[in-house]
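If you want the building blocks of each chain, they are given just below.
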Amino acid sequence: MSKDLHEEGFTEQTKVKLELFSRYLRNALPVFFQQFKRFVVADLFAGPGEDRNGHDGSPAIIVSALRYHQDLLSQTNVEVVVFLNDKDGSDCAKLRAKVNVWEVELPKIKFIVQNEDAANVFPILTNVLRAPGTASLVFLDQYGVKFVTPERFKTMVETSFCDLMFFVASSYVKRFPEEFGPLFGITVEEIGSTAHEAIHRLICESYETRTQQNSNAHVTGFTINKGKSIYGLVFMTHHLLGLQKFLDACWKIDPDEGASSKGDSADDGLSLSLFGESELVPEKVLSFRRDLKDLILKTPKLTERDVVKFTIKSGMLGKHARPIIDELLKKGFIHDMSFTLKTVDSRDPKILRKVTTIG
Ligand SMILES: C[S@@+](CC[C@H](N)C(=O)[O-])C[C@H]1O[C@@H](n2cnc3c(N)ncnc32)[C@H](O)[C@@H]1O
């Protein structure tokens with residue numbers, strides 16, 4: 001299967017998946033560089049580095065994101081480790097040849113290349129990720145879904161500042177519920193009664209449930225449609241800002257909903273904006289804005305952090321909330337606020353409302 005993928009060239013859904021991975025990495029690297037002593041990016045199903053047409057595979061995408069932030073990297077003391085693994089000897093040899101070149105180009109970066117079954121390297125990797133002051137991103141491509149057993153998922157949820165991204169062929173789950181259901185903690189009946197296109201969301205919800213022992217962990221996903229087949233990327237992070245960086249990448253790929261790669265028809269889900277007659281705003285955004293306004297008006301002790309959390313957990317970005325913040329600010333109901341790391345991490349989050357009763 002891997003040989004086909006790299007020798008035949010990447011499919012459209014592979015390209016979307018890799019674009020999302022690339023955009024997320026570029027968005028998130030500055031945070032990792034500035035906030036941590038060490039950043040480890042691990043790609044356990046790394047492949048040879050590129051397809052036959054020279055398209056960058058995940059290892060080359062990691063290097064390109066690091067290259068992009070090279071100036072920032074040189075200004076910080078962060079130690080960056082790129083941990084690449086593939087069990088196929090010939091893929092791994094091709095990858096090692098590429099790494100030899102990258103090591104010369106990026107001497108500050110430590111590359112580790114392993115030729116193992118991912119199951120064997122996982123315990124070693126876990127120890128690396130648990131070192132104090134370490135943030136990490138684990139990318140599990142293609143075969144990742146079977147690899148992410150409930151025990152391994154728990155291990156990563158329990159590892160501070162570990163982000164995880166993996167690929168799910170949602171269509172397979174629908175076709176083989178007995179095999180995949182137990183992996184996700186979903187019953188065969190639940191899979192049977194869930195629409196084909198909603199399977200991926202069901203999977204994300206199941207993972208989200210399993211993070212509940214750790215209130216800092218969040219799960220979301222992105223759907224990749226290809227004809228009747230549906231694929232998905234599941235993303236788990238330990239910080240709201242990590243979720244925001246991932247959502248930012250999703251909204252770049254799907255400007256209407258930030259949720260899937262399918263090219264909806266131009267009018268789908270779009271309503272006339274309340275904020276400018278000529279501007280078309282997707283229904284999902286309008287509905288979020290109505291809910292946010294309701295929340296702010298009905299909750300006197302709502303903090304700025306609550307607003308950021310509500311926005312990001314709704315799959316939205318600060319720019320989607322901004323018109324409501326501006327409207328209520330203009331009416332004198334609230335203080336102004338920003339959607340930054342400072343707002344999220346503040347030890348003493350500010351109450352948003354200026355007045356206690358609004359009528
Ligand atoms: C889809 S390809 C990798 C694609 C790669 N992420 C990229 O973007 O180019 C999947 C890779 O996983 C490797 N693989 C499959 N099962 C594995 C396992 N159990 N442990 C480690 N590698 C595995 C295959 O050899 C193959 O190179």
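Not measured: the values here are computed from a predicted model.

S.K.: Which parts of the structure should I look at to understand the domain arrangement of the chain?
M.R.: You'll often see interface size given as the accessible area lost when the parts meet. Domain annotation for the chain reports domain 1 (2-253) and domain 2 (270-345). A separation of 30 Å is found between the C-alpha centroids of domain 1 and domain 2. Domain 1 puts eight residues into the contact, and the matching count from domain 2 is seven residues. When residues in the side of domain 1 that touches domain 2 are grouped by element, the largest group, seven residues, is from helix α13 (residues 240-253). Split into classes, the residues belonging to the side of domain 1 that touches domain 2 amount to five nonpolar, two polar and one charged.

S.K.: Please clarify how the environment of K228 should be interpreted in this entry.
M.R.: Mapped onto the elements, K228 comes out in the loop between β6 (218-226) and β7 (229-237). Here K228 falls in the exposed class, since 8 other C-beta atoms lie within 10 Å of it. Note: C-alpha distance between K228 and S171 (57 residues apart in sequence) is 8.4 Å.

S.K.: Help me understand the environment of S74, please; the structure alone is not making it clear to me.
M.R.: Tracing the backbone through its elements, the reader meets S74 in helix α4 (residues 70-75). Since 8 C-beta atoms lie within 10 Å of it, S74 is described here as exposed. Remark: the alpha-carbon pair of S74 and L329, spanning 255 residues in sequence, is separated by 41 Å.

S.K.: So what exactly am I meant to see when it comes to the packing of helix α14 (residues 283-298) against helix α16 (residues 318-330) here?
M.R.: When two helices pack together, their arrangement is given by the angle between the helix axes and the distance between those axes. Look at α14 against α16: their axes get within 9 Å of each other, and the N-to-C directions meet at 40 degrees. Regarding the angle of α14 to α16, the classification is oblique. For α14 against α16, the interelement crossing comes out right-handed. Counting all contacts with α14, which are made through V285, F288, R289, L292, K293 and I296, the residues of α16 involved are H320, A321, P323, I324 and L328.

S.K.: What should I look at first to understand the pairing of strand β5 (residues 162-168) in this one?
M.R.: Consecutive residues of a regular strand have side chains that alternate between opposite faces of the sheet. The element β5 is extensively covered by neighbouring structure, given that seven of its seven residues are classed as buried. Burial along β5 is two-sided: C162, L164, F166 and V168 facing one way and D163, M165 and F167 facing the other are all buried. Inspection of the sheet shows strand β4 (residues 134-140) paired to β5 by five bridges, in the parallel sense. Counted as the bridge partner of L140 is F166 from β5.

S.K.: Explain unusual backbone geometry to me, please; I cannot follow it from the model alone.
M.R.: Most peptide bonds are trans, and most residues other than glycine sit at a negative phi. Positive phi values are uncommon outside glycine, yet F161 reaches one of about 55 degrees. Note that F161 resides in the loop between α8 (150-157) and β5.

S.K.: Please clarify how the nonpolar core should be interpreted in this entry.
M.R.: In summary, soluble globular proteins display a tendency toward joint burial of nonpolar side chains. If you look at the biggest cluster of nonpolar residues, it comprises 88 residues, and the most contacted ones within it are F166, V234 and M236. Top element by residues in this core is helix α2 (residues 12-35). It accounts for eight residues. Looking at which domains feed residues into this core, each of domain 1 (2-253) and domain 2 (270-345) supplies at least three. Those residues in contact with F166, other than ones at most four positions away along the chain, are L140, G144, V145, V148 and V234.

S.K.: Would you mind showing me how to read helix α6 (residues 118-129) here?
M.R.: Three or four residues apart is the spacing at which side chains of an α-helix point the same way, because the helix has 3.6 residues per turn. The terminal C-alpha atoms of α6, which comprises 12 residues, lie 15 Å apart, in line with the 16 Å expected from a rise of 1.5 Å per residue. Looking only at α6, the buried set comprises A118, L125 and L129. Each buried residue of α6 sits inside an arc of 35 degrees when the element is viewed along its axis, so together they form one side. For α6, the exposed residues set more than 90 degrees away from the buried face come down to N120, P123 and N127. Elements in contact with the buried residues of α6: β1 (38-43), β2 (79-85), β4, α7 (144-147) and β5.

S.K.: Honestly, the sheet that holds β6 in this entry has me stumped. Any pointers?
M.R.: Paired through their backbone hydrogen bonds, the strands of a sheet run either parallel or antiparallel. Across the sheet, which stays open at both edges, the seven strands sit in the order β3-β2-β1-β4-β5-β7-β6 with mixed pairing between neighbours. In this open sheet, the two strands that pair with only one neighbour each are β3 (109-114) and β6. The average undirected angle you get between the axes of adjacent strands in this sheet is 10 degrees. Here β6 pairs with β7 via nine bridges, running antiparallel. By the bridge assignment, K226 is partnered in β7 with S229. The strands touched by helix α5 (residues 89-105) within the sheet are β2 and β3, with β3 carrying the most contacts at an inclination of about 170 degrees.

Cut-offs and rules
Residues numbered from 1 in each chain as written. Predicted model: local features only at pLDDT ≥ 70, side-chain atom pairs only at ≥ 80, totals over all residues. Domains from an automatic or database assignment. Contact = placed C-beta atoms within 7 Å. Helix = DSSP H or I, 4+ residues; strand = E, 2+ residues; numbered from the N terminus. Nonpolar A, V, L, I, M, F, W, Y, C, P; charged D, E, K, R; others polar. Buried ≥ 20, exposed ≤ 12 C-beta atoms within 10 Å, placed from the backbone. Axes fitted to C-alpha atoms, helices over the stretch in contact; angles between N-to-C directions. Parallel < 35°, antiparallel > 145°, perpendicular 65-115°, else oblique. Left-handed = near helix turned anticlockwise from the far one by under 90°. Pairing = 2+ DSSP bridges. Core = buried A, V, L, I, M, F, W, Y, C linked by C-beta atoms within 7 Å. Expected span 1.5 Å × (residues − 1). Arc of directions from axis to C-beta.

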